[in-house]
Amino acid sequence: MRLPVPGARSLRIWQRSCKARAHSPLESWKAWTPYVCVQLQRHCFATVATEQTGTGEAPSKKPVVKPVVKPVVKPVVSAEKDFTDGTVAFQSKSTCILVAVVELQWELFRAWCVFQICAIGPIVRHCDTLYMYSVKVLGARLTHLLLRKTFFEHFCAGESSQDIVPRMRELQKYNVGGILDYAAEAKDGELPETVKPIDEEETVGAPLSSRSYDYESEALCDARAQIFRVAVRGVKDTIPDGFAAIKLSGLGNPVLLERMSTCLAEVCRLYKRLADDDVNPKENYYMIDRSFKIDFETFKKGWLKMFEGKSEEELKTMFDAMDDNRDGYISYLEWSSGVKLSEINEMVRGCKHQGRLFQAALNEEEVKLYSNMLKRVQGILDLAQELGVRVMIDAEWTDIQPAIDHITIFMQRIYNRGELPIVFNTYQTYLKGMPTRVQRDLDRSRREGWRFGAKLVRGAYMVSERQKAEERGLESPICETYEKTEENFHKAIDVILAHGEDPSAGACGGAAAEVLVASHNRYSIERTIQKMAELAVRQDRVGFGQLMGMADHLTYTLARYGYRSYKYVPYGPVDEVVPYLIRRTQENSAILGSPSVQEERQMVGSELLRRLRPI
């Protein structure tokens, strides 16, 4: 298209006036800028109106903005979706350019620049080092200003709950939901320090595990809990169908979470040790075999070999309390539900040998800190339940992930017994054995009578996890290849989609599982849609999510066809969000050169040229 005739004629007049008056183009342009802006604005409105009406001419009246109507939930039908239409993918991004004063509304151009930079391998691999050098050379203020105007505004919504409102409402215009996430996070490897007590002999229960915690971090956790509550209210006020995302490493000392995870891993190994002496202490937590059951005689023999101080009658009472279905056996689900973290300290007092379990048990101070953390999480979820807002609990690095899983399941037992699941757990399928764990939690929800809700991702800490495993001389918990990760991802999707309604299990336990498929892989999304069609899965059971600033061609196309589509919307102060940006950049380093990302980069460039061509 060409500019409207008055605009083009005025530009020619401006060119002649520059020559006649010997003015520089810049000086003359300053006087003409307001008029040119009006012409550009009229041109943009005419273009949008023409595309909306589907005719060759713009309507004579101003375009009317129609209210957003949410799609009717119905069984999915198999139909091909065009994920390569740039006009749909980038319809929310502006390209108005005021050349003279360099005042750019440049969302699409910025996206193109970000993708070009992220395609440079050395920059991606060493972005954390480059950031530190920039802070030293340019200073924190200038460095954060540059980040704010580039990567931050591309991947994040703002610095406060007030800043994010325009971005959230912009998403809602296109029927896209939001997953609101306060993105400030603890850095793996930069955890708060703990100090051994002066007199270790005075510690009761598990002296080798004793630590003195910094209570300034407790005040910080209380402040973050308030921020997460504001995020929950923000979802309710701006995009009610969305989610709030929370990180448990922000609500409790990460050292405590690591101690809890070690304790949970040893309790899992204890279950296996009761039936079998051959237990590998270095075996990956998620790969430990839990598929067998234990009868009372096996339980008694194994227990008396490791503990003292309990009679056969006491052991029988303990066994019967865990045997929920009274079949004479206890499964791992029954064992893990019956053994509580707060009780491990008392249990290990009877250990015949002060081994790994004895050292892993939480002491009284840690049990109190654990209780405080639960209160913070419950305060957030109480508000979410009151407002009807769903909450996703993010997955984090494997040293603390077992504790996060433990707390999340505890909360799902409480808050997922209503009309909808409030709490969604996150499963990282780049971890070995993850489909088995997903199936185990599905079985747990049905047996215990609560609604299952999950977010599936490929993974977020691949680089650091492999590096830590190598340094410790352990087997990496991460799948060796991308293909194996993809296989895990698809298996997990399949078992959740197959977990349909079962009226015999009650209203909540018998409810169909819900899942949000968080993926930038077009094939995985198309495969999920096809699987939904095969199993006649309702669209209200499945959502699709992508990061803000990435995969717009998937998000907006899915929303256009009536699927539940979401953007992961991080926010927070620039200096606190930097670890998030660095991690996101590095975790996507393996896929930034993939065909799907190259396709997206090409689409951004083509759409940018399409819009600039008339100008």
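Residues numbered from 1 in each chain as written. Predicted model: local features only at pLDDT ≥ 70, side-chain atom pairs only at ≥ 80, totals over all residues. Heavy atoms only, no water.

Caption draft 1: Here's a closer look at the sheet that holds strand S7 (residues 390-393). Pairing within the closed barrel is parallel, and its eight strands lie in the order S3-S4-S7-S8-S9-S10-S11-S12. Strand-to-strand twist of the sheet, defined as the mean angle between neighbouring strand axes without regard to direction, takes the value 25 degrees. Bridge count for strand S11 (residues 542-547) against strand S12 (residues 564-571) is five bridges, and the pairing is parallel. Among the inter-strand pairings, Gly-545 is bridged to a residue of S12, identified as Tyr-566. Each of S7, strand S8 (423-428) and strand S9 (453-457) touches helix H17 (residues 401-415); the most contacted strand, S8, lies at about 150 degrees to it. Helix H21 (residues 522-535) contacts strand S10 (514-518) and S11 of the sheet and is inclined by roughly 175 degrees relative to S11. (Pairing = 2+ DSSP bridges. Helix = DSSP H or I, 4+ residues; strand = E, 2+ residues; numbered from the N terminus. Axes fitted to C-alpha atoms, helices over the stretch in contact; angles between N-to-C directions. Contact = heavy atoms within 4.5 Å.)

Caption draft 2: Spotlight on the pattern of salt bridges. As enumerated under the stated definition, the model contains 39 salt bridges in all. Where Arg-376 meets Glu-218, a salt bridge forms, and the shortest distance between an N and an O atom there is 2.7 Å. Separated by 158 residues along the polypeptide, Arg-376 in helix H16 (residues 364-387) and Glu-218 in helix H9 (residues 216-238) bring together distant segments of the chain. Neither Arg-376 nor Glu-218 differs from the other in exposure class; each is buried. (Salt bridge = Lys/Arg side-chain N within 4 Å of Asp/Glu carboxyl O. Buried < 20%, exposed > 50% of the residue type's maximum accessible area, 1.4 Å probe, protein only.)

Caption draft 3: Layout of the packing of aromatic side chains. Under the criterion given, the structure shown has 16 aromatic pairs. Both rings, one in Phe-296 and one in Phe-319, keep their centres 5.6 Å apart while their planes meet at 75 degrees; by these two values the pair is edge-to-face. With Phe-296 in helix H11 (residues 296-306) and Phe-319 in helix H12 (residues 312-322), this pair connects stretches of sequence that are 23 residues apart. The buried category is assigned to Phe-296, whose relative accessible area is 11%. (Phe/Tyr/Trp six-rings, centres within 6.5 Å; stacked < 30°, edge-to-face > 60°.)

Caption draft 4: Local environment of the packing of H11 against H12. For the pair H11 and H12, interaxial distance at closest approach is 10 Å and the crossing angle is 125 degrees. If you check the angle between H11 and H12, you find them oblique. Of the two possible hands of crossing, H11 and H12 adopt the one that is right-handed. Between H11 and H12, the contacting residues are Phe-296, Phe-299, Lys-300, Trp-303 and Leu-304 on the first element and Glu-312, Leu-315, Lys-316, Met-318, Phe-319 and Met-322 on the second. (Parallel < 35°, antiparallel > 145°, perpendicular 65-115°, else oblique. Left-handed = near helix turned anticlockwise from the far one by under 90°.)

Caption draft 5: Main features of empty space enclosed by the protein. Across all of its chains, the model carries three cavities of 30 Å³ or more by this definition. Within this model, the largest cavity holds a volume of roughly 330 Å³. Forming the boundary of the largest cavity are 23 residues, of which Tyr-285, Tyr-332, Ser-336, His-406 and Arg-444 lie nearest the centre. Elements with a contribution of two residues or more to the lining of the largest cavity: helix H10 (254-275), helix H13 (332-338), helix H14 (341-347), H17 and helix H18 (434-448). Taken together, the residues that form the lining of the largest cavity break down as 12 nonpolar, three polar and eight charged. (1 Å grid on protein atoms, 1.4 Å probe; cavity = no way out; pocket = protein on both sides within 12 Å on 5 of 7 lines; lining within 4 Å. Points joined across faces, edges and corners; volume = space filled by probe spheres on them. Nonpolar A, V, L, I, M, F, W, Y, C, P; charged D, E, K, R; others polar.)

Caption draft 6: How the structure looks around the UniProt feature "domain: EF-hand" (unreviewed entry) in the chain. Listed under "domain: EF-hand" (unreviewed entry) in the UniProt record, and renumbered for this structure, are residues 310-345. With 64% helix and 6% strand, the stretch residues 310-345 has end C-alpha atoms that lie 16 Å from each other. (UniProt positions renumbered as here; feature names shortened; annotations may be inferred.)

Caption draft 7: Molecular detail of unusual backbone geometry. Backbone geometry at Arg-326 places phi at a positive 55 degrees, although glycine is not the residue there. Locating Arg-326 in the fold gives a position in the loop between H12 and strand S6 (329-330). For Ala-551, which is not glycine, the phi torsion reads 55 degrees and is therefore positive. Inspection of the secondary structure puts Ala-551 in the loop between S11 and helix H22 (552-560).

Caption draft 8: View of the nonpolar core. Counting 113 residues, the largest nonpolar core has Phe-299 and Trp-335 as the members making the most contacts within it. It is H10 that contributes the most residues to this core, 11 residues altogether. Once residues lying within four places of it in the same chain are set aside, the contact partners of Phe-299 are Leu-274, Ile-294, Leu-315, Met-318, Phe-319, Met-322, Ile-330 and Trp-335. Counting 25 residues, the second largest nonpolar core, distinct from the first, contains Cys-118, Cys-127, Leu-147 and Val-577. (Core = buried A, V, L, I, M, F, W, Y, C linked by side-chain atoms within 4.5 Å.)

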